[in-house]
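Chain residues, written in single-letter form:
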Amino acid sequence: QVGVTAQKTMRLLPASGRKATQKVVVGDQDGVVTCFGIKKGEAVPVFKTLPGKKITRLELGGALNTPQEKIFVATGSEVRGFTKRGKQFLTFETNLTESIKAMYVHISGADLFLCASYIYNHYCDCKDQHYYLSGDKINDVLCLPVDKVNCITPVLACQDRVLRVLQGSDLLYEVEVPGPPTVLALNNGNGGDSGEEVVYGTSDGKLGLIQITDAKPIPKWEIGNEKKRGGILCIDSFDIMGDGVKELLVGRDDGMLEIYNFESADDPALRYDYALSESIASVQGGCVGKDGYDEILASTYSGWLTGLTTEPVHREGGSGEELKLSQEMQSKISSLRSELEHLQMKVHQEREKYQQSSQSNTAVLSVPAFSVNDKFTLNKDDASYSLILEVQTAIDNVLVQSDVPVDLLDVDKNSAVVSFSSCDSEPNSNFLLATYRCQANTTRLELKVRSIEGQYGTLQAYVTPRIQPKTCQVHQYQIKPLSLHQRTHSIDQDRPMNTLMLKGQFSFAEIHSWVVFCLPEVPEKTPAGESVTFYFQNTFLGTQLESTYRKGEGCFKSDNISTISILKDVLSKEATKRKINLSISYDVNEESVRHTLKLIHPKLEYQQLLAKKVHLIDALRELQVHEGNVDFLLPKYRSILEEADQLLEEYKRQPAHLERLYGMITDLFIDKFKFKGTNVKTKVPLLLEILDGCDQDGLIAFFEAA
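Residues numbered from 1 in each chain as written. Predicted model: local features only at pLDDT ≥ 70, side-chain atom pairs only at ≥ 80, totals over all residues. Heavy atoms only, no water.

Identification of the protein as Bardet-Biedl syndrome 7 protein from Dryobates pubescens is taken from an unreviewed UniProt entry.

Here it is in structure tokens:
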């Protein structure tokens, strides 16, 4: 185990001899580069550097046609180079004002590609060559192999679901991908036969291959995330199955390690997977522990390095072989046991020493620092936010507090015990207080919350790990007014749209900051240029929003009148705060209300039916017990009994789904008439009565008659 590691900070050095095993090199957040080999299952150190700023990337390089065994690390805003023996040969202080987030070293060893949040820089022999300012945060960078493509073609993975392909300091073209790309890799490690093939992984767990030609991108294949696994953090190509074709190794942030193999070039299939307990920051294939047996090595968030081997553990053959193996195992186990006892003794002594010293008058309490890796993202599938908290030591408990109404949803993988505290929403606007008590050795906790559009505020997580003295870290997450909206590449222009127009004495930066306040997934930096357009989709209903704005004016179009109403309220509130006078005009399309109701109604019917079925289950089960069999029941009731467990499971997973839909329809009703200047709040009880047993046409008729 090393210190906490970031994404892409562990590599295997090329083997020096013909059959020699490979050395592992890893950089951690204490700034230490550790290089070691494995002999008889034990780590043998080669070198270790002194601590410093945290290491965000580690890459290998070297001159063309020589082994790639020079080690480059990005730490703060500088790049350091080490030989395989640990001698430092390079310190390159870049002109970047923030720390390096992504780095790529080209095979020639002279070209260095670095990215900070929005900035891309290309250096050749440590001299500035090219520069590009991206429209959204850059998560990863690579360059197509020059020996195959004949020109330097950098590819940036950007947060706004786009790969940007550059030529010099200019954008060649953009490639739209199905999710925010977090990692890039050359296919087969060399870009395939053409050298133009790039594999990408996204933060919502999708995987794809695109051929980056000089004219246009050609998508080859794409794998969705059907199993609802974590986001992808690292990718490597390695022939682990020994069939002459390289497999794809993928590491995810929920600890899943996957191996895909190719029946044909365009058809990867999942062959093996293995679950680790923490997010996988780096993955590599190679021969590490034993000659002749390939392994997959993974490094996880808290710094554990784990190897999975192809070596058969139980050999076929006489009992002598079995015995020898078990003796080897026994000695290893007993040495581990004694090491553990020694550590427990040491901890006990230190704790006593600490207790004694803390009682003296001169003692100063130091707060132990611990790092928390968190991710708060909107899931498209079920319109909920997942909050993932990962701590470098075991979590004791997490307290979740919110000043806006949110529902906590069930997570299958979550083994923590949750308890709710009653909270008074009036004086200090507390809507949620829940405590998750974790089982021993839990380092990763996943929670799911669903927000209500129009209600905005802050969700706070108080994380307390199992360390002495008790310490707690608070992490805050903004729940935005249009929190269930997600960025999309394009929208359907034929839908009936409502329009909101703003005019006033505001700058481009001011209106951009208001849009950032209202909507998720908008880059915080003001976009370059005069004006900008963003498209969004509501993940719960499938309605859409187009926002276009520039200095002094903004135009927002949506097929859902409630979206327009929320924007109108929030934007005018923000402008009033800054004493800016806004002139607001809107154009309401009557047809859009009917269209939105048609989108909501199928969901409403489904949830109502589910609720009815769930209410019947107890009575039907009682009948079953009394009568002994259920052959006399109608088929629809029999099917309810057969599916009882699934129905209850689904109902439990989405506790307030029906109330949410009722709320949306009520809001739609109030908003429709609000724009006409009529208050219909007195008619809401009538609407709720109608909702209980009403078909779509009846509902539309009520809206129009009112």
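If you trace the four strands from one edge of the open sheet to the other, you get β13-β14-β15-β16, paired in antiparallel fashion. Two strands lie at the open edges of the sheet, namely β13 (138-143) and β16 (170-176), each paired on one side alone. If you compare each strand with its neighbour and ignore which way they point, the axes differ by 25° on average. Two elements, strand β15 (residues 162-167) and β16, share six bridges in a ladder whose sense is antiparallel. Each residue of the ladder has a partner; that of glutamine 167, found in β16, is aspartate 170. (Pairing = 2+ DSSP bridges. Helix = DSSP H or I, 4+ residues; strand = E, 2+ residues; numbered from the N terminus. Axes fitted to C-alpha atoms, helices over the stretch in contact; angles between N-to-C directions.)

So, about the pairing of β13. Among the six residues of β13, six are classified as buried, and the element is accordingly described as predominantly covered. Where β13 meets strand β14 (residues 154-158), five bridges bridge the pair, whose relative direction is antiparallel. Considered in β14, the bridge of leucine 142 is made with valine 155. (Buried < 20%, exposed > 50% of the residue type's maximum accessible area, 1.4 Å probe, protein only.)

This part is about the packing of aromatic side chains. On inspection of all chains with the given rule, the structure shows 16 aromatic pairs. Taking 5.9 Å as the distance between ring centres and 85° as the angle between the ring planes, the aromatic pair formed by phenylalanine 72 and phenylalanine 89 counts as edge-to-face. Highlighted residues: phenylalanine 72 in strand β6 (residues 70-75) and phenylalanine 89 in strand β8 (residues 88-93), separated in sequence by 17 residues. Ring geometry for phenylalanine 508 against tyrosine 549: centres 5.9 Å apart, planes inclined by 55°, an arrangement best described as tilted. (Phe/Tyr/Trp six-rings, centres within 6.5 Å; stacked < 30°, edge-to-face > 60°.)

Now for the pattern of salt bridges. For the structure on display, the rule yields 30 salt bridges. The partner of aspartate 253 in a salt bridge is lysine 375, and the shortest N-O contact between them spans 2.6 Å. Of this pair, aspartate 253 sits in the loop between β22 (247-252) and β23 (256-264) while lysine 375 sits in strand β28 (residues 372-379); the two residues are 122 residues apart in sequence, bridging distant segments of the chain. Accessibility expressed as a relative area gives 9% for aspartate 253, which makes it buried. For lysine 375, a relative accessible area of 22% puts it in the partly exposed group. One network of salt bridges, with partners in common, ties together Arg229, Arg252, Glu258 and Asp273. (Salt bridge = Lys/Arg side-chain N within 4 Å of Asp/Glu carboxyl O.)

Among the structural elements, glutamate 295 can be located in strand β26 (residues 295-300). No salt bridge is formed by the buried glutamate 295; the nearest opposite charge belongs to lysine 290, separated by 9.5 Å. Polar contacts involving the side chain of glutamate 295 include one to the main-chain amide nitrogen of glycine 289, which spans 2.8 Å. (Lys, Arg positive; Asp, Glu negative; His and termini not counted. Polar contact = N/O pair within 3.5 Å; in protein donor to acceptor, adjacent residues only side chain to side chain.)

This part is about the sheet that holds strand β31 (residues 406-409). Within a sheet, each strand pairs with its neighbour through backbone hydrogen bonds, oriented either parallel or antiparallel. Reading across from one edge, β28-β29-β34-β31 is the order of the four strands in this open sheet, with antiparallel pairing throughout. The outermost strands of the open sheet, each flanked by one partner alone, are β28 and β31. Pairwise comparison of adjacent strand axes, ignoring direction, gives a mean angle of 25° for this sheet. Two strands pair when backbone bridges link them, and β28 and strand β29 (residues 384-391) are joined in this way by eight bridges, in the antiparallel orientation. By the bridge assignment, leucine 378 is partnered in β29 with tyrosine 385.

Here we take up helix α9 (residues 657-674). Helix length check: α9, at 18 residues, gives a terminal C-alpha distance of 25 Å against a target of 26 Å (1.5 Å per residue), a fit within 8%. For α9, the full list of buried residues reads His657, Arg660, Leu661, Tyr662, Met664, Ile665, Thr666, Leu668, Phe669, Asp671, Lys672 and Phe673. Turning to α9, the residues buried within the fold contact β31, β34 (444-451), α5 (561-577), α6 (590-627), α10 (684-692) and α11 (696-705). (Expected span 1.5 Å × (residues − 1). Contact = heavy atoms within 4.5 Å.)

The subject of this paragraph is unusual backbone geometry. With a phi close to 65°, cysteine 126 is a non-glycine residue in the positive phi region. Residue classification places cysteine 126 among the partly exposed positions, given a relative accessible area of 37%.

This brings us to the nonpolar core. As a rule of thumb, soluble globular proteins bury nonpolar side chains together. Ranked by size, the top nonpolar core spans 78 residues in total, and within it Val398, Leu459, Ile665 and Phe703 carry the most contacts. Among the nonpolar cores identified, the runner-up in size contains 28 residues, and Ala102, Phe113, Tyr120 and Leu144 belong to it. (Core = buried A, V, L, I, M, F, W, Y, C linked by side-chain atoms within 4.5 Å.)

Below, the discussion takes up the state of the cysteines. Under the counting rule described, the total for this entry stands at zero disulfides. The closest cysteine sulfur to the non-disulfide-bonded cysteine 124 is located on cysteine 126, 9.2 Å from its own sulfur. (Disulfide = S-S within 2.5 Å.)

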